[in-house]
Number of protein chains: 2
Amino acid sequence: MSTSAPPNATFSRESLEQVLKRRFFFAPAFEIYGGVSGLYDYGPPGCAFQANIVDTWRKHFILEEDMLEVDCTMLTPHEVLKTSGHVEKFADWMCKDLKTGEIFRADHLVEEVLESRLKGDKAARGIAVEAGEEDDDKKKRKKKVKEIKNIKLDDEVVAEYENILAQIDGFSGPQLGELIIKYEIHNPTTNGKLEPPVEFNLMFETAIGPSGNLKGYLRPETAQGQFLNFNKLLEFNNEKMPFASASIGKSFRNEIAPRAGLLRVREFLMAEIEHFVDPDDKSHAKFDQVKHIELSFLPKEVQESGSTELIKKSIGEAVATGLVDNETLGYFIARIYLFLIKIGVDVNRLRFRQHMSNEMAHYASDCWDAELQTSYGWIECVGCADRSAYDLTVHAARTNEKLVVRQPLAEPITIEQFEIEIAKKKFGPKFRKDAGAIEKWLLNRSQTELENFGKELSTAGKISVKIDGVEGETELDTDLIKIEKVKRTEHIREFTPNVIEPSFGIGRIIYSIFEHQFWSRPEDADRGVLSLPPLVAPTKVLLVPLSNSADLKPVVEKVSNFLRKQQIPFKVDDSSASIGKRYARNDELGTPFGITIDFESVKDESVTLRERDSTKQVRGTYEDIIAAIKNITYFGSSWNESTAKLTPFETQATDA
Amino acid sequence: MSTSAPPNATFSRESLEQVLKRRFFFAPAFEIYGGVSGLYDYGPPGCAFQANIVDTWRKHFILEEDMLEVDCTMLTPHEVLKTSGHVEKFADWMCKDLKTGEIFRADHLVEEVLESRLKGDKAARGIAVEAGEEDDDKKKRKKKVKEIKNIKLDDEVVAEYENILAQIDGFSGPQLGELIIKYEIHNPTTNGKLEPPVEFNLMFETAIGPSGNLKGYLRPETAQGQFLNFNKLLEFNNEKMPFASASIGKSFRNEIAPRAGLLRVREFLMAEIEHFVDPDDKSHAKFDQVKHIELSFLPKEVQESGSTELIKKSIGEAVATGLVDNETLGYFIARIYLFLIKIGVDVNRLRFRQHMSNEMAHYASDCWDAELQTSYGWIECVGCADRSAYDLTVHAARTNEKLVVRQPLAEPITIEQFEIEIAKKKFGPKFRKDAGAIEKWLLNRSQTELENFGKELSTAGKISVKIDGVEGETELDTDLIKIEKVKRTEHIREFTPNVIEPSFGIGRIIYSIFEHQFWSRPEDADRGVLSLPPLVAPTKVLLVPLSNSADLKPVVEKVSNFLRKQQIPFKVDDSSASIGKRYARNDELGTPFGITIDFESVKDESVTLRERDSTKQVRGTYEDIIAAIKNITYFGSSWNESTAKLTPFETQATDA
């Protein structure tokens, strides 16, 4: 059985969308109310496909690495997301057309306008449209730029445009504003002038509780819940490092103008891993198992030079040469690759793109996106970032809770440092309810701060500080605290772990797989086939009785019960449509196997098995046939291997 | 192996809570930020327990009945929830203390104050506290009423209070207001006066999109998404009736003052079924399979008479006598029962309570809650309502989309009715973009409306109507429409299905199971045991090497690989704690089986299997032992059956 769909030269997004809609893989949410852009519902096959992908993810990552799965709330108070930086920075740049009230996302607008001008230039120069771009006209139907004008550009301008497009993800809002002015980009429909880009925060805001005083947001990622539970997770893991937590759940993003179907939605399923690692040792025990894997890389230097040419090398080499920052990051990149291939991503349409310096969060030490090629272009589907110690550090600083690992040192070390001594007994009577907060705050001061406080104490006899959560200034004298430089032998090393974060957008992956696995048979161009891998296909088997005859019913029942007992998801199609029609319907649902029950079956319990992609057929007892299906679906066995002992079958009822 | 925990006379909520916290089953969300009441995170064992319950639910309901699972968005536009009635009616009554700013939920306040007065009365009369009430003081710690005053009440008043408490779920806001005045209920802490109850809508509100103009809510239930997709689901089901859809996902409820841990939260996992059925035929094909099942019922008449005495009878009898409205409702009540017992609910602490007339939604024809008894009282964990045709009807009326079933009639029938004839060709030119909406609206008019319009047309020659979504009045004359009474032979019956809705609050069920299955061994009262059924226990097996000796490592590895291959969730505990301590730790995690690996194991691959509840032990090869575990866990086999061929084992390393 083929592992990926036949060549896809004739791919039509319109046909795919019709199939996905007709078979209710998904549909716009609230459609009878006119719909809300960026919100989609999954119907039964979409829901089952999603559940199978999540199940595979859980086995591939959580079980394989013994990760600690958690389920945290989506509602998140303002304070948490302020600390994490989301209140300030989780934003896109938007431009308003004051005349029409239309709102555009600035980077998307620049990208689409420049792309359409390049296309118009090509047409004006009489250059044929490349294969794979044929679909572009249909693509534009959903885009802002409705019409492409065939105007030749200067060679210099073409080069500038191409350079900008290669780095489009790296521009700041003001830079986008400059591009909009420089290249005279207007509202594509009315040609009206646009206001300079302003930031729009993408979090959905709400109020928690009846008073309305506690501002909250719907989480933009599942990560924060994992960071906040760090101490509990470390304890649950018996203090052992490294370890990973994981979470699967919905997150939210109030997109400015979502248009690209499942690829840009306001509510989406994420699966995220936070792998906590010693900052001084980012090696990975299982890296050797994956180091031979060849991947396609798009490094930041290549993009910054204005190119998108891929570099192929093994992940082992990529880490050894410093292209990928460390082994743990490399290990996860390789594991992401293996996962995506397993669930149906076309290996030739997968690349790992490194974030450019101006695109990466300031705290991250390296970041790679797994991007999948679709008719909408290359789409970020998985992010894999080294977030360093950023998140744990900021939450610890804000809450005065230590989020650290303590490990016995092999050799004790001697250190000299400023230490603070607190007269605890005097704190309670003096500071009452604030005593705890003040103590915590003092214990979290840096060496430099302690040194300065020490000097002030010895000169002025007291210090006066402002502590978050404590009203007014807090005054501390030498009766209450002492600061001294001491030499001590340490037996324990204390450190804040770094975090490697693979983060999956399940909906985007699902849509990309649909595109990668959709094709039509040359003899039946009107009907589509979705070659979803058996492991993740929504339904594994279609049971097709040859006719409505009552004689066949007991066999259908018997085979159904057997499939149910084996927990293999199946459907019966006993409608009066022809066998060929029933199989065609099923090809659209991505069901990999069909079992035909005919009058022979009544005599000897033999049935015919049909494979979706090759339409090959074999004959055998239903028990042998179902054993073959099970081997292929769940144990990775090949068609030839699994059906070797079954009889090849020439079709009676043709597929036509 | 016992199917439920040993008698629970010594249950202590405080001990249970300590275990659940220590083992990170769940914890207050954002705890390092001080927490937000009503929001909880599930740690690894809680998350796995929840996943196993959801998996069991999916198999018990969705697979067994071939239900159509969907996954709909949580963000929901205002218009949808206005139509469903939630904007107006999804509210609780709250009372404010204007002096302190405190907000109380009115029904809970009345309930707790009257309960505490009854308790004080008992004490004053010198009546001993009943078994099971011993924990009440601890319970009160989380409640509003901190202190119970021992004051004797008149016998009459006691009777009044008891009567009110039996019907506490049935009072309206104004009625609660009257009770508060009549019984002089004040702020329990300050004795301050309370404002009369006002309604507070429990939906979280947000704005969708950058303009802020589209008001939305977080869904309060998963049901609406299923109703809105009714036509697509019916088509997917090849137009066959009856059928059910199902959905598992988070819903939200902005509780006024959540206090009862996992029982009252602001964000929670629901699993809901919408079973669509012919209103003229609510029989169920599989009712015979469950009709013998005995259940405990609390009918509405009993409650309305001020009693809470349970009636035991079979579901078959309950339906036959009209206690339960119909077979389909009865079928689901019995299936709910089977599900709850399977996952660890104590059958003696489960009752089905019928909604009282003044408590039930006006459209519902019957409604039963599966309630579980906990230290907080009887808690609604599953609702099972016949929602009649309400939801489909209101959404169809609002959107002008038909949400109906069309079935060929066995015998054609002749009907006489008003029909409208639309001159479609004239509609387009005259009404342009509104033509479709006007046509739809006309086709959705009732017989009475058509009769009236017909009269007006024949007298005035035209009608003038206001149509939602069409600007101004729409004028229609006899050139555009004709209305006539016609006699026709119908071959198709068209009807709006009724809906039976079983709706599960997974978090409440989880917490109740914790209470039902928590106990301590008499010889070790300080340590708890969570007797979670193997099927849903977070981890099935703990592997315990007798010592840290390197000789044991290869066997541990071998057994681990075997368990992994069999996909049985397990953990290794190779810490240096004693065997007894390691098993005790594990009892708290609810792990049903322990496998000890000792020096005999190295010689002959034999291991010891320990059962958590009985602490019985048997010896055999690891392959035989794991086969027994698999049979008990996944195939419902008993301990005695599964271990019959293994050797009983007298403990070397004692459990102490």
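Fair warning: this is a prediction, and the values are worked out from it, not measured in the lab.

Student: Would you mind going over the overall build of chain A with me for this structure?
Tutor: A tally of regular secondary structure across chain A gives 23 helices and 29 strands. Expressed as lengths along the three principal axes of its C-alpha atoms, the size of chain A is roughly 100 × 65 × 55 Å. Put simply, chain A has 656 residues, and 56% of those count as buried. Accessible area of chain A: about 29400 Å², with a carbon and sulfur share of 49%.

Student: How do you make sense of the side chain of A:Glu490 when you look at a structure like this?
Tutor: Looking at where A:Glu490 falls in the secondary structure, it is placed in strand β20 (residues 481-495). A:Glu490 has contacts with A:Leu409, A:Pro412, A:Ile413, A:Ile415 and A:Gln417, leaving out every residue within four places of it along the chain.

Student: I keep staring at the environment of B:Leu457 and nothing clicks. Help me out?
Tutor: Residue and element names in this part refer to chain B. Among the structural elements, Leu457 can be located in helix α17 (residues 447-460). Here the alpha-carbon distance between Leu457 and Asp477, two residues 20 residues apart in the chain, equals 7.1 Å. The residues contacting Leu457, other than those within four sequence positions of it, are Lys462, Ile463, Leu476, Asp477, Thr478, Ile481 and Ile483.

Student: Just to check I follow, could you spell out the interface of chain B and chain A for this structure?
Tutor: Many authors give the size of an interface as the accessible area that is lost as the parts come together. Between chain B and chain A, the residue contacts involve 68 residues of the former and 68 residues of the latter. Both faces considered, chain B and chain A share a buried interface measuring about 6000 Å² in area, 65% of it formed by carbon and sulfur atoms. Together, B:Ile32, B:Tyr33 and B:Asp71 form the three largest contributors to the area buried by chain B at its contact with chain A, with a combined 13%. Inspection of the region where chain B meets chain A yields eight salt bridges. Residue B:Asp71 is joined to A:Lys250 by a salt bridge in which the shortest nitrogen-to-oxygen separation is 3.0 Å. On inspection of chain B and its partner chain A, the count reaches 26 residue pairs in polar contact (both at pLDDT 80 or more). Ranked by residues supplied to the side of chain B that touches chain A, first place goes to helix α2 (residues 44-65) of chain B with five residues. Taken together, the residues that form the side of chain B that touches chain A break down as 36 nonpolar, 13 polar and 19 charged.

Student: Mind showing me how you'd approach the packing of aromatic side chains here?
Tutor: The way to describe two aromatic rings as a pair is by their centre distance and the angle between their planes. In the structure shown here, the tally under the stated rule is 42 aromatic pairs over all chains. Here A:Phe25 and A:Phe514 contribute two aromatic rings whose centre-to-centre distance is 5.2 Å and whose plane-to-plane angle is 75°, an arrangement assigned as edge-to-face. Taken together, the positions of A:Phe25 in the loop between α1 (13-22) and β1 (26-28) and A:Phe514 in helix α18 (residues 506-517) put the pair 489 residues apart, joining distant regions of the chain. Exposure class is identical for A:Phe25 and A:Phe514. Each is buried. Between A:Phe562 and A:Tyr622, the ring centres sit 5.5 Å apart and the planes meet at 80°, which makes this aromatic pair edge-to-face. Of the two residues, A:Phe562 sits in helix α19 (residues 553-565) while A:Tyr622 sits in helix α22 (residues 622-635), which places them 60 residues apart along the sequence. An aromatic cluster is built from A:Trp57, A:Phe61, A:Phe339 and A:Phe504, whose rings are joined through pairwise contacts. Over the ring of A:Phe24 we find B:Lys232; its NZ or CZ atom is 5.9 Å from the centre of that ring.

Student: Teacher, can you tell me more about the packing of α19(A) against α22(A) here?
Tutor: Residues and elements named next belong to chain A. Where α19 contacts α22, the two axes come as close as 11 Å, and the packing angle between them is 35°. When you trace α19 past α22, the crossing you get is right-handed. On α22, the residues that touch Lys558, Val559, Phe562 and Leu563 of α19 are Tyr622, Glu623 and Ile626. When the residues that make up the contact of α19 with α22 are grouped by side-chain class, the tally is five nonpolar, no polar and two charged.

Student: What is the right way to look at the sheet that holds strand β8 (residues 205-208) of chain B in this model?
Tutor: Residue and element names in this part refer to chain B. With antiparallel pairing, the three strands of this open sheet are ordered in space as β4-β9-β8. A single partner strand is all that each edge strand has here, and the edge strands are β4 (75-77) and β8. In this sheet, neighbouring strand axes are inclined to one another by 45° on average, regardless of whether the strands run parallel or antiparallel. Two elements, β8 and strand β9 (residues 214-218), share four bridges in a ladder whose sense is antiparallel. Within the sheet, the bridge partner assigned to Glu205 lies in β9 and is Tyr217.

Student: Mind showing me how you'd approach the relation of the copies chain B and chain A here?
Tutor: The second copy of the chain is related to the first by a rotation about an axis and a shift along the axis. For the match of chain B to chain A, the screw axis carries a shift of 0.0 Å, the RMSD comes to 0.1 Å, and the turn is 180°. Here the symmetry operator amounts to a two-fold rotation axis. The rotation axis passes nearest to the C-alpha of B:Thr206 in chain B, at a distance of 2.6 Å. When the interface residues of chain B are mapped onto chain A, 100% of them again lie at the interface, so the same face is used by both copies.

Student: Looking at this structure, how should I read the sheet that holds strand β11 (residues 267-277) of chain A?
Tutor: All names here are of chain A. Read across the sheet, nine strands follow the order β3-β10-β11-β21-β16-β15-β14-β12-β13 without closing on themselves; strand pairing throughout is mixed. Each edge of the open sheet carries a strand with a single partner, namely β3 (68-69) and β13 (311-314). Pairing between β3 and strand β10 (residues 243-252): two bridges, direction parallel. Its bridge partner being in β10, Leu68 is matched across the sheet by Ser245. Of the strands in this sheet, β11, β12 (294-298), β14 (350-354), β15 (366-374), β16 (377-388) and β21 (498-505) are in contact with helix α13 (residues 327-342), which crosses β16 at around 150°.

Student: Looking at this structure, I do not really get the domain arrangement of chain A. What am I missing?
Tutor: The assigned domain composition of chain A is domain 1 (13-73 + 223-391 + 499-507), domain 2 (91-201), domain 3 (411-495) and domain 4 (539-648). Taking only C-alpha atoms into account, the centre of domain 3 of chain A sits 74 Å from that of domain 4 of chain A.

Student: Where do I start with α13(A) in this structure?
Tutor: Because each turn of an α-helix spans 3.6 residues, side chains separated by three or four positions in sequence point in the same direction. Residue and element names in this part refer to chain A. Compared with the 22 Å implied by 1.5 Å per residue over 16 residues, the 22 Å span of α13 between its first and last C-alpha is a close match. The buried count for α13 comes to twelve of 16 residues, which makes it a mostly enclosed element. Residues Thr328, Leu329, Gly330, Tyr331, Phe332, Ile333, Ala334, Arg335, Ile336, Tyr337, Phe339 and Leu340 constitute the buried set of α13. A side-chain oxygen of the first residue of α13 lies 3.2 Å from the backbone nitrogen of Thr328; this N-cap is Asn326. Gly344 occupies a position one or two residues after α13 and carries a positive phi of about 115°.

Student: Any chance you could explain the pairing of strand β27 (residues 606-611) of chain B here in plain terms?
Tutor: Two faces, one strand: in a regular strand the side chains alternate between the faces of the sheet. All names here are of chain B. The element β27 is extensively covered by neighbouring structure, given that six of its six residues are classed as buried. Where strand β26 (residues 593-597) and β27 come together, four bridges link them in antiparallel fashion. Bridge assignment links Gly594 to a residue of β27, and that residue is Arg610. Summarising the sheet, β27 and strand β28 (residues 617-621) pair through five bridges and their orientation is antiparallel. Residue Leu609 lies in a different strand from β28, and its bridge partner there is Val618.

Student: Looking at this model, I keep getting lost on α19(A). Mind explaining?
Tutor: All names here are of chain A. Taking 1.5 Å of rise per residue, 13 residues should cover 18 Å, and α19 covers 18 Å from first to last C-alpha, within 8% of that figure. Burial in α19 covers these residues: Val555, Val556, Val559, Ser560 and Leu563. Down the axis of α19, the buried set is contained in an arc of 135°. They therefore lie on one face. Of the exposed residues in α19, those oriented more than 90 degrees away from the buried face are Pro554, Glu557 and Lys565. Where α19 is buried, its residues meet β24 (541-545), β25 (570-572), β26 (593-597), α21 (599-604) and α22. Backbone geometry just after α19 places Gln567 at a positive phi near 55°.

Student: Help me out: how do you make sense of a nonpolar patch on the surface in this one?
Tutor: On the surface, a cluster of nonpolar side chains totalling about 230 Å² of accessible area is made up of A:Leu546, A:Phe599 and A:Val602. Within the secondary structure, A:Val602 is located in helix α21.

Student: Could you clarify how one ought to interpret the packing of helix α2 (residues 44-65) of chain A against α13(A) in this entry?
Tutor: For any two helices packed against each other, one specifies the crossing angle of their axes together with the interaxial distance. All names here are of chain A. Between α2 and α13, the shortest axis-to-axis distance is 11 Å and the interhelical angle comes to 150°. Classified by the angle between their axes, α2 and α13 sit roughly antiparallel to one another. The way α2 lies across α13 gives a crossing that is right-handed. Residues Ile53, Thr56, Trp57, His60, Phe61, Glu64 and Glu65 of α2 form the contact with α13, whose participating residues are Tyr331, Arg335, Ile336, Leu338, Phe339 and Lys342. Along the lines of polarity and charge, the residues of the contact of α2 with α13 split into seven nonpolar, two polar and four charged.

What counts as what
- Residues numbered from 1 in each chain as written.
- Chains lettered and ligands numbered in written order.
- Predicted model: local features only at pLDDT ≥ 70, side-chain atom pairs only at ≥ 80, totals over all residues.
- Heavy atoms only, no water.
- Helix = DSSP H or I, 4+ residues; strand = E, 2+ residues; numbered from the N terminus.
- Buried < 20%, exposed > 50% of the residue type's maximum accessible area, 1.4 Å probe, protein only.
- Areas by Shrake-Rupley, 256 points an atom, 1.4 Å probe, with all protein chains shown as cover.
- Contact = heavy atoms within 4.5 Å.
- Buried area = accessible area lost by both parts, 1.4 Å probe.
- Salt bridge = Lys/Arg side-chain N within 4 Å of Asp/Glu carboxyl O.
- Polar contact = N/O pair within 3.5 Å; in protein donor to acceptor, adjacent residues only side chain to side chain.
- Nonpolar A, V, L, I, M, F, W, Y, C, P; charged D, E, K, R; others polar.
- Phe/Tyr/Trp six-rings, centres within 6.5 Å; stacked < 30°, edge-to-face > 60°.
- Lys NZ or Arg CZ within 6 Å of the ring centre and 35° of its normal.
- Axes fitted to C-alpha atoms, helices over the stretch in contact; angles between N-to-C directions.
- Left-handed = near helix turned anticlockwise from the far one by under 90°.
- Pairing = 2+ DSSP bridges.
- Least-squares fit on C-alpha atoms with pLDDT ≥ 70 in both.
- Domains from an automatic or database assignment.
- Expected span 1.5 Å × (residues − 1).
- Arc of directions from axis to C-beta.
- Patch = residues over 30% accessible without salt bridge, like charges linked within 9 Å, V, L, I, M, F, W, Y side chains within 5 Å.
- Parallel < 35°, antiparallel > 145°, perpendicular 65-115°, else oblique.

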